[in-house]
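Working through the structure, step by step
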Amino acid sequence: MSQVIVTIDNIEVKVRPGTTILAAAKEAGIDIPTLCNHRALSPTGACRVCVVEVEGQRTLQAACVFPVAEGMKIKTDSDRVVKARKLVLDMIFAERNHFCPFCEASGDCELQNLGYRYGIDHWAYETYLKPYPIDATRQFFLMDHNRCILCGRCIRACDELVGNHTLGLRQRGTRSMVGADTDTPFGESTCISCGTCLQVCPTGAIFDGRSSYMGREVQTEHIKSTCSQCSIGCGIEIATRGGNVLRVKGDWDAEVNKGLLCKKGRFEKLHDGRKRVEVPLLRQGGGLQAVSWDQALKATAERVKESDAEGVGVLTSSNATNEALYMLSALTREMKVTNIGLLNGVSPGLSGIRRGALADIAKGDVILAVGADPVRNQPVASFLIKRAVDKGARLIVVDDADNDLSCLATMKFGVPDVGRAVDVAARAENTVVIYGERVPSSAVGTLETLRQRAVFIALEPGVNTQAAVAFGLKNGFKSSAVKTLFVLFGEEQWDGMDVKLGEIGEDAFVTVVSSYISPLTDRADVVLPMAIWSERSGTLTNVEGRVQKVRAAVYPEGEAKPDWEIISLLAGMLGKKFDESPDKISDRAIEALKGGGIHRE
Amino acid sequence: MSKIKIATDWLAGCAGCHMSLLDIDERIVKLLESVEFTSSPVTDLKHPPEDGVTIGILEGAVCNTHNVEVAKEMRKRCQILIAIGDCATFGGVPAMRNLVGTQEALKRAYIETESVVGGLIPGSSELGEPLDTVTGVDKVVKVDVFIPGCPPSADALFFALSELLAGRTPVILPPEYLKYD
Ligand code: SF4
Ligand code: SF4
Ligand code: SF4
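In this report, we go over the structure that sits alongside the text. (Residues numbered from 1 in each chain as written. Chains lettered and ligands numbered in written order. Predicted model: local features only at pLDDT ≥ 70, side-chain atom pairs only at ≥ 80, totals over all residues. Heavy atoms only, no water.)

1. Focus: a nonpolar patch on the surface
Residue and element names in this part refer to chain B. A grouping of V93, M96, L99 and V100 is seen on the molecular surface, where their side chains present a nonpolar patch of about 310 Å² in accessible area. Relative to the helices and strands, L99 is located in the loop between α4 (85–89) and α5 (102–110). We classify L99 as partly exposed; its relative accessible area is 32%. (Patch = residues over 30% accessible without salt bridge, like charges linked within 9 Å, V, L, I, M, F, W, Y side chains within 5 Å. Areas by Shrake-Rupley, 256 points an atom, 1.4 Å probe, with all protein chains shown as cover. Salt bridge = Lys/Arg side-chain N within 4 Å of Asp/Glu carboxyl O. Helix = DSSP H or I, 4+ residues; strand = E, 2+ residues; numbered from the N terminus. Buried < 20%, exposed > 50% of the residue type's maximum accessible area, 1.4 Å probe, protein only.)

Structure, rendered in structure tokens:
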């Protein structure tokens, strides 16, 4: 492709025509300051901090939007430029109440950093000195208009990344205000609290309530990991300080979500108020008593050894690592246990289909969503769908249940009419089929007729469901036959479980691996404390078949242990040694996933 | 050579900036070879000498009529006025009062505080009248040098004084000495 040569601060660079001055300068290793610009958002040239001198242009130009042309000569640091930038900063500082000592962003604020860079040592202009409102109507994060610089990043993020279109600018001039649904308190608006606006805000205008004033970026440690709240597997960055998780951010470099997160992944787990299981517990004399790991594991192992294989039942949550699920499956095979169940449903297996990636959603001109409700269950996938719809894709929803995607759909059908939906989809050039657990077996054949012309994405319920299924951990569990039950319950909520535990006989011996106290742990004979998402390492398999790393950011609470370690210890007690290191187990699990056609490179 | 005279005072501040000034440590000995501290909140003399000083230093925001008088007196008696700290520069922490209003703030502090029984808002001619808005010093008198920071570092203060003593004006603080918190 042809290239143009431009000179920036006397440095020559070759770039593609149409490149912005900002991008070209970056190529040349020159740093032009920006405020309203953000790597994930479209440039708007709103703040004017990035102005530069372009030879032949009468006025200074915003580098973030101005495209280069052959032979262009640009000065990014001339006196005229610096003077203009200072003026812009002086005006921004004058506009609201920027009192840094009591601002949450101080130390991490992009405006403050530019103030330092350009030697702003006082306010050059009269400031308003009147308070602006603070909106604290959302549960997790606040909006302080005193710190807002009207850069519009939040608005663009909500539009372009989330497709939610909640935010806008109302009024004009000095009365301009960022608002939700024109002028609605955030908590009552269409905002879904995904926190994307919070993540892009350059100042202290939008900030997290739970972690505010608890640590600046330089005072915190950052651990890249994978979200384990649903099967999408978004890349996250966990910020910790002194062994505590402060906040979670979307990882801009993660291929799956490119920075996006939803309310569940960003906030809800940090506000989980359930009581943890901190030590192993064993039922003795009617009540549960704290015991050592050894005692608890021995009690379970002895009981399992005494039972015949038919009497043993195993139930597992899909919120477990590949490693734990792999070992659990190997262990059950070794013990000849076949009564195995998963705590959540799965989507039906379709044969001969082309499995798509989440990025394919953007390419679809028709998106056919069957029996899946990502708005509720895999929100980040729903953002991708909303973005595609914004760009003109047609959404067809097939579901008998109430489905939150419906309001965006061009057409909506009941499951018995799935054939009609498929007929429409078959006429499109690029069809993406998104399906979930509510696809009945009667509709499978009809969907499979699209296999030549569509890519398919199974939005699995639960978390690591694909791996669990691949490892044979869903066999059709029968509670009535169980005399000895082992439940890898993890962080599950005690409601809406697929399996009815009430049917377990009163004399059955129940071992529960759980992070939290629940009616299930109250019923158990042995309770083994499990590490939660932020405390465990391993890998998870997402809906695309992508195997991603989960990294422990903090130490487990009390004596809790990660899932795979618990299974490994129990296996040891039962005479099956997993000699390999966790990494080896990982490799073996991934091998098995490849064998099952799940793993994607 | 006669020594350069410096006077300091504080308005609505917490004394933190003066602590930072003392924090220049042993360098103060060197400094004292060429300067003389006349009046300050930590010395016996409380008002700048009538025949004036070269450098006047003010800490704290302007939040009542008394602060205005002190600032004006300092301005009248010094050649170069330095505002040190966020309060003197921007209004700082006392300016939080602007977000709720002066009367609300006084009520909350003197009457509604959880531990107070039968409280009353103090009022005396000696205290000065609270102003409606808290501001930096430059809103009432001209300021020549600003050293923001809460508090500014001893290094920033020492740097600014050294520049002035060397006759270099205006004082331009390098980014590493600039701090708004
Ligand atoms: S938003 Fe930035 S500049 Fe404004 S008060 Fe907060 S830290 Fe200071
Ligand atoms: S809230 Fe933040 S992101 Fe939104 S316009 Fe204001 S400063 Fe920019
Ligand atoms: S939290 Fe999400 S939905 Fe709500 S305003 Fe911000 S970006 Fe939009």
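2. As for the sheet that holds strand β2 (residues 35–37) of chain B
Residue and element names in this part refer to chain B. The parallel open sheet is built from five strands, whose spatial order is β2-β1-β3-β5-β7. The sheet is open, and its two borders are formed by β2 and β7 (145–147), each paired with just one other strand. Going from strand to strand, the sheet's axes swing by 25° on average, the running direction of each strand aside. Two strands pair when backbone bridges link them, and strand β3 (residues 53–59) and strand β5 (residues 78–84) are joined in this way by six bridges, in the parallel orientation. Paired with E59 across the strands is I84, a residue of β5. Together, β1 (4–10) and β2 form the strand contacts of helix α2 (residues 27–34), whose direction differs from that of β2 by roughly 100°. (Pairing = 2+ DSSP bridges. Axes fitted to C-alpha atoms, helices over the stretch in contact; angles between N-to-C directions. Contact = heavy atoms within 4.5 Å.)

3. Remarks on the state of the cysteines
On inspection of all chains with the given rule, the structure shows zero disulfides over all chains. Free of any disulfide, A:C230 has its nearest cysteine sulfur in A:C234, 6.2 Å distant. (Disulfide = S-S within 2.5 Å.)

4. Some remarks on the side chain of A:T127
Its location among the elements puts A:T127 in the loop between α3 (110–117) and β6 (134–135). For A:T127, the residues in contact, after removing those within four places along its chain, are A:F93 and A:A94.

5. Some words on the site of ligand 2
As a structural note, the neighbourhood of ligand 2 is formed by 14 residues, with A:C148, A:C151, A:G152, A:C154 and A:C201 the closest of them. Here the residues of the shell around ligand 2 sort into 11 nonpolar, two polar and one charged. (Near = heavy atom within 4 Å. Nonpolar A, V, L, I, M, F, W, Y, C, P; charged D, E, K, R; others polar.)

6. Re the site of ligand 1
Around ligand 1, the structure places A:F93, A:H98, A:F99, A:C100, A:C103, A:S106, A:C109, A:L111, A:Q112, A:R147, A:T203 and A:G204. Classifying every residue of the shell around ligand 1 by side-chain character gives six nonpolar, five polar and one charged.

7. Some words on the pattern of salt bridges
Residues and elements named next belong to chain A. For the structure shown, the criterion picks out 40 salt bridges over all chains. Ionic pairing is found between K249 and E217, a salt bridge with its closest N-O pair at 3.7 Å. Taken as a pair, K249 in strand β13 (residues 244–250) and E217 in the loop between β10 (206–208) and β11 (221–226) lie far apart in primary sequence, 32 residues in all. E217 gets classed as partly exposed once you look at its relative accessible area, which sits at 28%. One salt-bridge network, held together by shared partners, links R39, K224, D251 and D253.

8. As for the packing of helix α11 (residues 418–426) of chain A against helix α12 (residues 441–448) of chain A
Residues and elements named next belong to chain A. Running from N to C, α11 and α12 cross one another at 15°; their axes reach a closest spacing of 10 Å. Looking at the two axes, α11 sits roughly parallel to α12. At the point where α11 passes α12, the crossing takes the right-handed sense. Note on element contacts: α12 touches α11 through A443, T446 and L447, opposite V418, G419 and V422. Grouping the amino acids of the contact of α11 with α12 by side-chain chemistry returns four nonpolar, two polar and no charged. (Parallel < 35°, antiparallel > 145°, perpendicular 65-115°, else oblique. Left-handed = near helix turned anticlockwise from the far one by under 90°.)

9. Examining the interface of chain A and chain B
Tallying the contact residues gives 22 residues for chain A and 23 residues for chain B. Across the interface of chain A and chain B, roughly 1,900 Å² is buried in total on both sides, 67% from carbon and sulfur atoms. Viewed at the interface, chain B and chain A are joined by one salt bridge. For A:R216, the salt bridge is made with B:D181, and the minimal N-O distance between the two is 2.4 Å. Here chain A and chain B share five residue pairs in polar contact (both at pLDDT 80 or more) between them. Looking at the side of chain A that touches chain B, the element that brings in the most residues is α3(A), giving four residues. (Buried area = accessible area lost by both parts, 1.4 Å probe. Polar contact = N/O pair within 3.5 Å; in protein donor to acceptor, adjacent residues only side chain to side chain.)

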